[in-house]
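# Secondary and tertiary structure notes
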Amino acid sequence: MALKLYNSLTRERETFQPLNPPRVGVYVCGPTVYGHSHLGHAKSYVSFDTILRWLRASGWDVNYVQNITDVGHLTDDADAGEDKIIVEARRRGLHPMAVVESFMRSYYEDMDALGVLRPDIAPRATGHITEQIEQIRVLIERGHAYEVNGSVYFDVSSYAPYGRLSGRTVEELEAGARVAVNEEKRHPADFALWKRAEAGHIMRWPSPWGAGFPGWHIECSAMSQKYLGETFDIHGGGNENKFPHHECEIAQAECATGRPFARVWLHNNMCTINGQKMGKSLGNSVLLKDVFHTGRPLRDREGALLLERAFEPVVVRHFILTSHYRQPLDFSNDALRAAESGSYKLRDALHELSRAVVAKARLAPSASPPALAPVASDAFPPGNAGARLAAIAALAPSEGLRATLERSAERFAEAMDEDFNTAAAIAALFDLARTATECVKADAPLGDLAAAELLMRRLAGDVLGFSWRAAGGGDDGTRDGLIQLLVDLRNEARQARNFALGDQIRNRLAALGVQLKDGPSGTTW
RNA sequence: GGCGGCGUACCCAAGUGGUCCAAGGGAACGGUUUGCAAAACCGUCAUUCGCGGGUUCGAAUCCCGCCGCCGCCUCCA
């Protein structure tokens, strides 16, 4: 079983084979930090995070680079308009770098909440001006770029494959150009590598062509190659950046080195809300901070309901992963509510399973559960996640359960290996949850429960990145003790048939977010 | 105008030639359990995959036409 992924560059599903196994280099276009992150960022980065997690679960030694764009991203096309960050800085009366700092922190805060793992290297464009200047210099030297009045443009005619990724030709671009042609450019499709800084432009650096700032595309070419090499395995990004951003990246990088750039391109699709494109200008942009924390209904400019209340980050993550990363995804209040129910079903199943394991282990402290023996990850060659997951399933002592767990692990791995089919993987996870609940109900032996728990945590937690706010029984001993006290009092009241008091305790705990469940073996929450 | 994609049950959403007369979740309904709930469990819920043709022994899956929706082509994850 090997990973197959859809390569946007070849438009085919290919078997993944790293350039220098077991090492895998991945670059994903990061955000331009001029505002808080919205649902679109969540879709993109949750998708790529899950892809990263799966590569790692497969045993690859992944080096993950994701940039922070903090200069050069203009409000219009690549060669006109203002820098987005400068615009925001002026609006807030701050230095551009202060804007960058605050939104960068905001971005990581939201991503952390979503369970998106931080990149191994998070290079900032402003920290790599030298590298960008150097690459531009090489491009001029090799005849792929030209300088005009202190700005440098890439000569599109010098790179024949330009347009391959996005399926366009230079002629088409010219014909369909809606942008006013910049007089400095030789060809309308040429794009800026370096822009002359006009007087008063705050973000400026010295260069061989005078004071200026880098174009938006050059940072990704320069930084990805700096940290991953001239040719590397995977480049990811949003669909909307195929053209011009990624097309330009390829042109710059390949012309500068004369060697192939990224071997595989992964593009995730965009999201809509209530069936409409989401955008600042449309007034229906939903910020993640609003989703996670809003205490009141969120409406768009016209007053239509976007969200009736807050949803915790894991619910957003769950919803995103129930569809495929290359499919568009439509957010809506109803969809999130449905995802929430489903997500909590998984959470509760895992929670019950963990409790059962703890309870069993307490009863038989001497019996060391075989399932807790770790599975050595270096026992498998890289590139086969299925074998690793199956090994966890194989820890179950009972033959019947072992077979069931192995089937779940296999289904999950097959799904993920098919171009990261998280929707099908989640389906397998739901089946595993059902198995887990059955084990708990059937009072299965400790080893079985522990194996099921280990597998479920691996799939739900490590691979899919689900982490619930109140998951795993809580680590706050005082809080749990107090709740248990109330539960005991309530059960005494119930035994005395004082249901009014019992219900009152239950209702007031529910109001505090603690839901009691009366089962045959006692009350849980 | 050019490029790309989508249309699967009440809703979300997998599946891209046979093992699919179609996963999984949500909602709904019936049942078990319960003091009542909640949760859990069992069952029901697309003879059908936008529409019409065609290819094939066989199609949701391939081809043609039509209808509808969306994205990109200017910044956007």
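Now for a description of the structure that goes with this document. This structure is a prediction, so every number in the text was calculated from the model and none was measured. Positions within a chain are numbered from 1, following the residues in the order the chain's sequence is written. The lettering of chains begins at A and the numbering of ligands begins at 1, in the order of writing. Whole-chain, interface and lining totals are the exception, using all residues; otherwise, since this is a predicted model, local features are given only for residues with pLDDT of at least 70 and side-chain atom pairs are given and counted only at 80 or more. Excluded from the side-chain calculation are hydrogens and water; included are all heavy atoms of the structure.

Topologically, D443 is positioned in the loop between α13 (422-441) and α14 (446-463). Overall, the relative accessible area of 55% leaves D443 in the exposed class. Note on conventions: DSSP H or I runs of at least 4 residues are helices, E runs of at least 2 residues are strands, and numbering of each starts at the N terminus. Per-residue accessibility, obtained with a 1.4 Å probe over protein chains only, is compared with the maximum for each type, and a residue is labelled buried under 20%, exposed over 50%, and partly exposed between these values.

What follows concerns helix α2 (residues 84-92). Turning to α2, its buried residues are K84, I85, I86, E88 and A89. Contacts are assigned to residue pairs that have any heavy atoms within 4.5 Å of one another. In this fold, the buried residues of α2 make contact with α3 (96-113). Contacts described as polar in this section are N or O atom pairs within 3.5 Å, which, within protein, must combine one atom able to donate a hydrogen with one able to accept it, while residues neighboring in sequence count only if both atoms come from side chains. The backbone nitrogen of I85 has a side-chain oxygen 2.8 Å away, supplied by the residue at the start of α2, namely D83. With its phi angle positive at about 65°, G93 sits one or two positions after the end of α2.

Pairing between two strands is assigned when DSSP locates at least 2 bridges connecting them. Pairing within the open sheet is antiparallel, and its four strands lie in the order β5-β6-β7-β8. The sheet is open, and its two edges are formed by β5 (145-148) and β8 (212-214), each paired on a single side. Adjacent strand axes in the sheet meet at a mean angle of 20°, parallel and antiparallel pairs treated alike. Examined bridge by bridge, strand β6 (residues 151-154) and strand β7 (residues 191-196) share three bridges and lie antiparallel to one another. Lines are fitted to the C-alpha atoms to define the axes, a helix being fitted only along its stretch in contact, and any angle between axes, read from their N-to-C directions, falls within 0 to 180 degrees.

Attention shifts here to unusual backbone geometry. Residue P22 is bonded to the preceding P21 through a cis peptide linkage, with omega at 5°. Checked against the element boundaries, P22 lands in the loop between β2 (12-15) and β3 (23-28). Geometrically, the link from F243 to P244 is a cis peptide bond, its omega value of 0° lying close to zero. Inspection of the secondary structure assignment puts P244 in helix α7 (residues 242-257). Of note in the backbone geometry, N149 takes a positive phi value of approximately 50° without being a glycine. Take N149: its relative accessible area is 52%, and that puts it in the exposed class.

Below, the discussion takes up the packing of helix α1 (residues 39-57) against helix α9 (residues 313-321). Orientation of α1 relative to α9, taken along the N-to-C sense of each, is 75°, at an axis distance of 10 Å. Relative to α9, the element α1 is oriented roughly perpendicular. Of α9, the residues touching α1 (which contributes L39, A42, K43, V46, S47, D49, T50 and R53) are V316, R317, I320 and L321. Residues of the contact of α1 with α9, tallied by class, amount to six nonpolar, two polar and four charged. Here the angle decides the label: under 35 degrees means roughly parallel, over 145 means roughly antiparallel, 65 to 115 means roughly perpendicular, and every other value means oblique. For this classification, the nonpolar set comprises Ala, Val, Leu, Ile, Met, Phe, Trp, Tyr, Cys and Pro, the charged set comprises Asp, Glu, Lys and Arg, and every other residue, Gly included, is treated as polar.

Bringing the sheet that holds β3 into the picture now. What links the strands of a sheet is backbone hydrogen bonding, and the strands pair in either a parallel or an antiparallel sense. Pairing within the open sheet is parallel, and its four strands lie in the order β4-β3-β9-β10. This sheet does not close on itself; its edge strands, each paired only once, are β4 (61-66) and β10 (262-268). Geometrically, the sheet is characterised by an average inter-axis angle of 20° between neighbouring strands, direction not taken into account. Along the sheet, helix α6 (residues 218-228) makes contact with β3, β4 and β9 (232-238), crossing β3 at roughly 160°. α7 rests against β9 and β10 of the sheet, and its axis sits at about 160° to β9.

Before going further, it helps to examine the nonpolar core. Grouped together as the largest cluster of nonpolar side chains are 106 residues, with contacts concentrated most on L39, W54, V316, F331, F412 and F466. Counting residues per element, this core draws most heavily on α1, at ten residues. When sequence neighbours within four positions are dropped, the list of residues in contact with F331 reads L39, C271, T272, I273, N274, V316, F319, I320 and L336. In this structure, I136, V152, F154 and C220 belong to the second largest nonpolar core, which totals 36 residues. Throughout, nonpolar core names a set of buried Ala, Val, Leu, Ile, Met, Phe, Trp, Tyr and Cys residues whose side chains join them through atoms within 4.5 Å.

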